[in-house]
Amino acid sequence: MPPQTRRTSFPKVVIDRDTDSEESSSDEDEIDEEDDVVGEEEVTEPKADEEEGEEEQEKSVTKKKTPITISLKKVCKVCKRTGHEAGFKGATYIDCPMKPCFLCKMPGHTTMTCPHRVATEYGVVPAPRRNTHSSLDYVFQRQLRPHIPKKGQLGVWDFCKVYEKTVYSEIHGCILNNMKLNPRNDGTVYTGSSDGTACCVDLETGISLSLMNLNPNGWQGPSTWRMIYGLDINLDKGVVLVADNFGYLYTVDMRSNNVTGKPILIHKKGSKVVGLHCNPLQPDLLLSCGNDHFARIWDMRQLETGSSLVDLPHKRVVNSAYFSPLTGSKILTTSQDNRIRVWDSIFGSLDSPSREIVHSHDFNRHLTAFRAEWDPKDQSESLVVIGRYISENYNGAALHPIDFIDISTGQLVAEIMDPNITTISPVNKLHPRDDILASGSSRSLFIWRPKEKHEIEKPIDERKIVLCGKAEKKAKRKFGDESDCDSDDDGFTTKGKTVKSKQPYLDSTSTSKSKSKSKSKSKSSKKP
DNA sequence: ACGAGATGGACCC
DNA sequence: TGGGTCCCCTCTCG
């Protein structure tokens, strides 16, 4: 397939590949629509259609223009220059050499030769069409057009009966950005949504209690619509903390289920507060992170704008920031600059992170943000799980693994992938007590259960995969409902067929090239 | 099977 | 500060 990099307004071009020499020395100048055209014919923009709408104009352009046959050498789909090509070469994605490294963002090399990693896979040409709608119009659209598929559903599974799913669709009208189980009563969950409401939901009955509504007057346009992102529970103070896309923090009293006090601006005005986390040992400490490239530590006793105890700067948006789960003294952040950052002690100097670990999670929109999550069982507070964005070639398949990283060394301890799960898995949660990983992608939810404790790099031979949406329906049609918690079968069901495999899915030795230059052989050594 | 579109952030002026 | 434009490994739906 020839590179498709044109806008729709450009006339249809028949590309005639030319491997031998010099016709295209005219590629020095600016990257413009016309610049790649080396042929004789000049392309002129139409002037007559000024009155027509955008779409009409575009249509007529393509109609009037006759295909031009041009002769070009290889065109890079990224920078649109000739002489090199970006994209897939077989199963490997070749980076554009004119751009900084896609992984570590440093100039001078590409992902292929990046000291932090190699390997690419799976190409995609971005949709060329522009969208003139406001990013939030869909909220409004859905109110007018009820046939738009329902969003904001809350699904509940018992991971022992993975095909028994309960879906509550009436709680939120928009995507749920954050959920937190009530630690006192895990039969209830607190949710925050882009519809601007926060709820307390009974998981058994689906009965929900609205805690707050940031858009009491309904849709007044995108500039005023508030969405809830950050959410956490502070049991000691008996409050649920919630933050919105305008930089504000709200406090909800858990007894009265009412908002108390005034909203407090904790991040740059108008910027999204992506995450909140209360310190597990020190109830007065709150950690927040946002689109203003900061993570901030706050003292709950004196919460006011500008009163943060510490500001932790990042180079780009901070997807998540968490205190360590047992001592609460470490901080782990994930930023869109492809770096996981670790601060070893909140009691020491926080001037700069103790470590920055390069990891591919700089996603191309339309994807849930990757978040490095602690293993709550790891006594040394050094094991972290996070999905990976760029794929690798695993026996010819492009897969996006889920990485386990030792944040004390930066080494990749294990990576999980499954030949049948080709989607990216941005959402990952480790079980608080058992060795279970729940992992979510756009199409499936899957549960990993390593046989031996704390040896996640061992082959996993008991797995559960839950398919969602279309894939789920397909599978159900074929197999009917299925519940196989105690099954000894080491096959699994997915995409409508059962696959048996004895292959190890966690083979850290075969991928030692990634992340770590010096691979540790004693992986379970850091375990208690 | 193919292509449009959903939709967020960076960067530029 | 605000609108316009661009964007490198998505994914689904029509």
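Conventions adopted
Residues numbered from 1 in each chain as written. Chains lettered and ligands numbered in written order. Predicted model: local features only at pLDDT ≥ 70, side-chain atom pairs only at ≥ 80, totals over all residues. Heavy atoms only, no water. UniProt positions renumbered as here; feature names shortened; annotations may be inferred. Helix = DSSP H or I, 4+ residues; strand = E, 2+ residues; numbered from the N terminus. Buried < 20%, exposed > 50% of the residue type's maximum accessible area, 1.4 Å probe, protein only. Areas by Shrake-Rupley, 256 points an atom, 1.4 Å probe, with all protein chains shown as cover. Phe/Tyr/Trp six-rings, centres within 6.5 Å; stacked < 30°, edge-to-face > 60°. Lys NZ or Arg CZ within 6 Å of the ring centre and 35° of its normal. Pairing = 2+ DSSP bridges. Axes fitted to C-alpha atoms, helices over the stretch in contact; angles between N-to-C directions. Core = buried A, V, L, I, M, F, W, Y, C linked by side-chain atoms within 4.5 Å. Contact = heavy atoms within 4.5 Å. pLDDT = per-residue confidence, 0-100. Disulfide = S-S within 2.5 Å. Polar contact = N/O pair within 3.5 Å; in protein donor to acceptor, adjacent residues only side chain to side chain.

Under an unreviewed UniProt entry, the name given to chain A is Protein DAMAGED DNA-BINDING 2 isoform X1, and the organism recorded is Coffea arabica. The UniProt entry for chain A carries the following comment under Sequence similarities (unreviewed entry): "Belongs to the WD repeat DDB2/WDR76 family." The Subcellular location (unreviewed entry) field of the UniProt record for chain A holds the comment "Nucleus".

Caption draft 1: Spatial organisation of the overall build of chain A. Counting its regular elements, chain A contains three helices and 34 strands. Counting only residues that meet the buried cut, chain A has 48% of its 528 residues in that class. When the accessible surface of chain A is summed, it comes to about 26800 Å², and 50% of that surface belongs to carbon and sulfur atoms.

Caption draft 2: Quick look at the packing of aromatic side chains. Taken as a whole and assessed by the stated rule, the structure comprises four aromatic pairs. Following the ring pairs from residue to residue traces out a cluster consisting of Phe102, Phe370 and Tyr389. Arg296 extends its terminal NZ or CZ atom over the ring of Phe294, reaching a point 4.8 Å from the ring centre.

Caption draft 3: Summary view of the UniProt feature "repeat: WD" (unreviewed entry) in chain A. UniProt annotation of "repeat: WD" (unreviewed entry) refers to residues 314-344 when read in the numbering used here. The span residues 314-344 is 0% helix and 52% strand, and its two end C-alpha atoms sit 16 Å from each other.

Caption draft 4: Up close: the sheet that holds strand β9 (residues 197-202). If you walk across this open sheet you meet the four strands as β7-β8-β9-β10, and the pairing is antiparallel. Each end of this open sheet is capped by a strand with a single partner; those strands are β7 (176-182) and β10 (208-213). Neighbour-to-neighbour, the strand axes of this sheet turn through a mean angle of 20 degrees, independent of strand direction. The pairing of strand β8 (residues 185-193) with β9 spans five bridges and is classified as antiparallel. Note that in β9 the partner of Gly192 across the bridge is Ala198.

Caption draft 5: Inspection of the pairing of strand β31 (residues 444-448) at higher detail. With five of five residues buried, β31 lies mostly within the body of the structure. Burial of β31 is two-sided: the residues Ser444, Phe446 and Trp448 facing one way and the residues Leu445 and Ile447 facing the other way are all buried. Where strand β30 (residues 437-440) meets β31, four bridges bridge the pair, whose relative direction is antiparallel. Bridge pairing in β31 links Ala438 to Ile447. Linkage of β30 to β31, two consecutive antiparallel strands, is achieved through a turn of three residues.

Caption draft 6: Highlighting the sheet that holds strand β21 (residues 339-343). Across the sheet, which stays open at both edges, the four strands sit in the order β19-β20-β21-β22 with antiparallel pairing between neighbours. The open sheet has two free edges, formed respectively by β19 (318-323) and β22 (355-358), since each of these has just one partner strand. Averaged over all adjacent pairs, the angle separating strand axes in this sheet is 15 degrees, with direction ignored. Of the strand pairs in this sheet, β21 and β22 are connected by four bridges, and their pairing is antiparallel. When the bridges of β22 are listed, Ile340 appears paired with Ile357.

Caption draft 7: View of unusual backbone geometry. In this structure, Lys105 is a non-glycine residue whose phi angle is positive, near 70 degrees. When you line up the elements, Lys105 lands in the loop between β4 (92-94) and α2 (137-144).

Caption draft 8: Spotlight on the nonpolar core. Among the nonpolar cores identified, the biggest contains 22 residues, and Leu332, Ile340, Ile405 and Ile407 are the most heavily contacted of them. Looking at this core, the elements that each hand over two or more residues are β21, β22 and β24 (383-387). With sequence-adjacent residues up to four places away left out, Ile340 is seen in contact with Leu332, Thr333, Arg355, Glu356, Ile357, His359, His361, Ala372, Ile386 and Ile405. In terms of nonpolar packing, the next biggest core, distinct from the first, is built from 17 residues, Val240, Val242, Tyr250 and Val252 among them.

Caption draft 9: Spotlight on the confidence of the model for chain A. When pLDDT is averaged along chain A, the result is 70, and 62% of the positions lie at 70 or above. A low-confidence stretch, residues 118-147 stays under pLDDT 50, and its non-local contacts, those more than four residues away or across chains, total 59 contacts. When the criterion is pLDDT under 50, residues 481-528 qualifies, and its contacts beyond four places in sequence or with other chains add up to 102 contacts.

Caption draft 10: Examining the state of the cysteines more closely. Throughout the structure, instances matching the rule amount to zero disulfides. For Cys104, which is in no disulfide, the shortest distance to another cysteine sulfur is to Cys114 and amounts to 3.8 Å. Look at Cys104 and you get buried, because its relative accessible area is 2%.

Caption draft 11: Local environment of the side chain of Glu373. Topologically, Glu373 is positioned in strand β23 (residues 373-374). A polar side-chain atom of Glu373 sits 3.3 Å from a polar atom in the side chain of Tyr322. Excluding its chain neighbours within four sequence positions, the residues that come into contact with Glu373 are Tyr322, Leu332, Leu383, Val384, Val385, Asn428 and Lys429.

Caption draft 12: The pairing of strand β27 (residues 402-406), seen in detail. Burial of β27 is extensive: five of the five residues sit out of reach of the surface. Because side chains alternate across β27, one face comprises the buried residues Ile402, Phe404 and Asp406, and the other comprises Asp403 and Ile405, equally buried. Taken together, the five bridges between β24 and β27 define a ladder with antiparallel strand orientation. Of the residues in β27, the one forming a bridge with Gly387 is Ile402. Relative to strand β28 (residues 411-416), β27 runs antiparallel, the two being bridged by five bridges. Note on β28: the bridge partner recorded for Asp406 is Gln411. Hairpin remark: β27 followed by β28, antiparallel, with four residues in the connecting loop; positive phi at Gly410, about 85 degrees.

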